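Geometric and topological summary
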Amino acid sequence: TTTLQAQQFYQFSQYMVRPVLFNPAAAGYNEAVCIYGAGRNQWMGYQDQAGEKVNPVDYIAGITAPLYAINSGIGFQFNSGKLGYQTRTDYRLDYAYKIEIKEDQMLSVGVYGQLSTINLGLDKLVPLDVTDPLLLKTGQQKDMIPEAGFGIFYSSSSRWFAGLSLMNLLGSKATLGNLEINDQMTFVAQGQYKFKVIDERFKKFDLAPSVLVKSNFTSTQVELDLLGYLDDKFWFGAGYRLQDGVILLGGAKIANFAIGLSYDATTGKVNDATKSGSAELHLSYCLPVFPKVKCESGFNTRHL
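The following paragraphs examine the structure supplied in this document. (Residues numbered from 1 in each chain as written. Predicted model: local features only at pLDDT ≥ 70, side-chain atom pairs only at ≥ 80, totals over all residues. Heavy atoms only, no water.)

Here we come to the overall build of the chain. A tally of helices and strands in the chain yields one helix and 17 strands. Counting only C-alpha atoms and orienting by the principal axes, one finds that the chain spans roughly 95 × 40 × 30 Å. For the chain, the proportion of its 304 residues judged to be buried stands at 42%. Taking all contacts inside the chain whose residues are at least 6 apart in sequence as the whole, residues at least 24 apart take part in 54%. Surface exposure of the chain reaches about 17100 Å², of which carbon and sulfur atoms provide 62%. (Helix = DSSP H or I, 4+ residues; strand = E, 2+ residues; numbered from the N terminus. Buried < 20%, exposed > 50% of the residue type's maximum accessible area, 1.4 Å probe, protein only. Contact = heavy atoms within 4.5 Å. Areas by Shrake-Rupley, 256 points an atom, 1.4 Å probe, with all protein chains shown as cover.)

Right under this line is the structure:
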């Protein structure tokens, strides 16, 4: 027998654009009502012996907003993913409580609850032994499981953020025929810091290193990125994900709309098998929501 370490939790290269993907405590982080969507076609080119695509594909849609009246943020996220002959649909609800540390610094503690539906097409599996007892049941197998997690998130305006989260805390088990699939508890650390390089009236440029670490306590993956932000409207950069490849990123913000694109140039044995990389697209529309400020006048403007 051999030991294989496979990806289970979804991967997104543009985590710095939407940190709530990996941390519920980042709900409402942008001080705006944000509707967002993302799609990732990972390791394009993987096919089975019948020519069917079996590479990981994920689509995410969500909304997040601040609730200033109760110092909170909320969010809802829908994820549809496909991995081989397995499909998964997640319905996730985020809640974050925010504590103002300083005038421009916020600490958030968040939790999420999730309900997931998992499907597996057993008929498409081709065993070496047709009498394998794990595959005695046939057809499409389906199960529904709960999941939960929590995180902390610390940010300072739009200059920097750092977060820690524990995803798939329950480690729920899906029963699909005679097979069992366990959610792996995943630890995620992420952060970004923007350094001012040019700060003039009509021209601004920032350099922003960022990092993403994911671990299931058996294996760990680290991603390092460096982005340049021009007038907070355009961004571009590159990164490297250990055990995977080189990442190219770019995006633009037009009014309240934003779009981000990335391409991962896969290296190593995966590239030998696929001859292609991973493509990703992010879209969002954010409408700023300002907290209500109580104004009191020192003058009596009432006249008789």
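Moving on from the coordinates now.
As a further point, take the packing of aromatic side chains. Enumeration according to the criterion identifies 13 aromatic pairs in this entry. Relative to tyrosine 10, the ring of phenylalanine 9 has its centre 4.7 Å away and its plane inclined at 20°; by these criteria the two rings are stacked. As far as the burial class goes, phenylalanine 9 and tyrosine 10 line up, both buried. The interplanar angle of 45° and the centroid separation of 6.0 Å between the aromatic rings of phenylalanine 9 and phenylalanine 22 together place this pair among those described as tilted. (Phe/Tyr/Trp six-rings, centres within 6.5 Å; stacked < 30°, edge-to-face > 60°.)

Let us look at the state of the cysteines. What the rule picks out here adds up to one disulfide. Here cysteine 34 is linked by a disulfide to cysteine 286, with a sulfur-sulfur distance of 2.1 Å. Because the sign of the S-S torsion sets the handedness, a value of about 120° for the bond joining cysteine 34 and cysteine 286 places this disulfide among the right-handed ones. Of this pair, cysteine 34 sits in strand β1 (residues 32-41) while cysteine 286 sits in strand β17 (residues 278-288); the two residues are 252 residues apart in sequence, bridging distant segments of the chain. For the residue pair cysteine 34 and cysteine 286, the accessibility class agrees, reading buried in each case. (Disulfide = S-S within 2.5 Å.)

Right, let's get into the layout of surface pockets. Its boundaries defined by the atoms lining it, the largest pocket holds a volume of some 1300 Å³. Considering the residues around the largest pocket, the lining is formed by 45 residues, among which Tyr29, Asn30, Glu31, Ser157 and Ser158 are closest to the centre. Where the lining of the largest pocket is concerned, the elements lending two or more residues are β1, β2 (57-67), β4 (86-102), β5 (105-121), β6 (140-156), β7 (160-167), β16 (257-266) and β17. For the lining of the largest pocket, the residue count by class is 22 nonpolar, 12 polar and 11 charged. (1 Å grid on protein atoms, 1.4 Å probe; cavity = no way out; pocket = protein on both sides within 12 Å on 5 of 7 lines; lining within 4 Å. Points joined across faces, edges and corners; volume = space filled by probe spheres on them. Nonpolar A, V, L, I, M, F, W, Y, C, P; charged D, E, K, R; others polar.)

What follows deals with the environment of tyrosine 68. Checked against the element boundaries, tyrosine 68 lands in the loop between β2 and β3 (72-83). According to the relative accessible area criterion, tyrosine 68 is partly exposed, its value standing at 28%. Along the backbone, tyrosine 68 and valine 289 are 221 residues apart, and their C-alpha atoms lie at a distance of 9.1 Å.

Our next topic: the pairing of strand β12 (residues 204-215). Alignment of strand β10 (residues 186-193) against β12, held across six bridges, turns out to be antiparallel. Bridge pairing links alanine 189 to valine 213 in β12. Pairing analysis gives four bridges linking strand β11 (residues 195-199) to β12, with the strands arranged antiparallel. Within β12, the residue paired with isoleucine 198 across the bridge is phenylalanine 205. Between β11 and β12, which follow one another and run antiparallel, lie four residues. (Pairing = 2+ DSSP bridges.)

Even without a glycine there, the phi angle at asparagine 71 is positive, about 50°. Topologically, asparagine 71 is positioned in the loop between β2 and β3. Look at asparagine 71 and you get partly exposed, because its relative accessible area is 42%. A positive phi angle, close to 55°, is found at alanine 255, a residue other than glycine.

Our next topic: a nonpolar patch on the surface. Taken together, the side chains of Leu67, Ile70, Ile74, Tyr95, Tyr97, Ile99, Ile101, Val111, Phe150, Leu169, Met185 and Phe217 present a nonpolar region at the surface, about 1000 Å² in accessible area. By residue number, the principal contributor to the nonpolar patch is β4, which donates four residues. Position of tyrosine 97 among the secondary structure elements: in strand β4. (Patch = residues over 30% accessible without salt bridge, like charges linked within 9 Å, V, L, I, M, F, W, Y side chains within 5 Å. Salt bridge = Lys/Arg side-chain N within 4 Å of Asp/Glu carboxyl O.)

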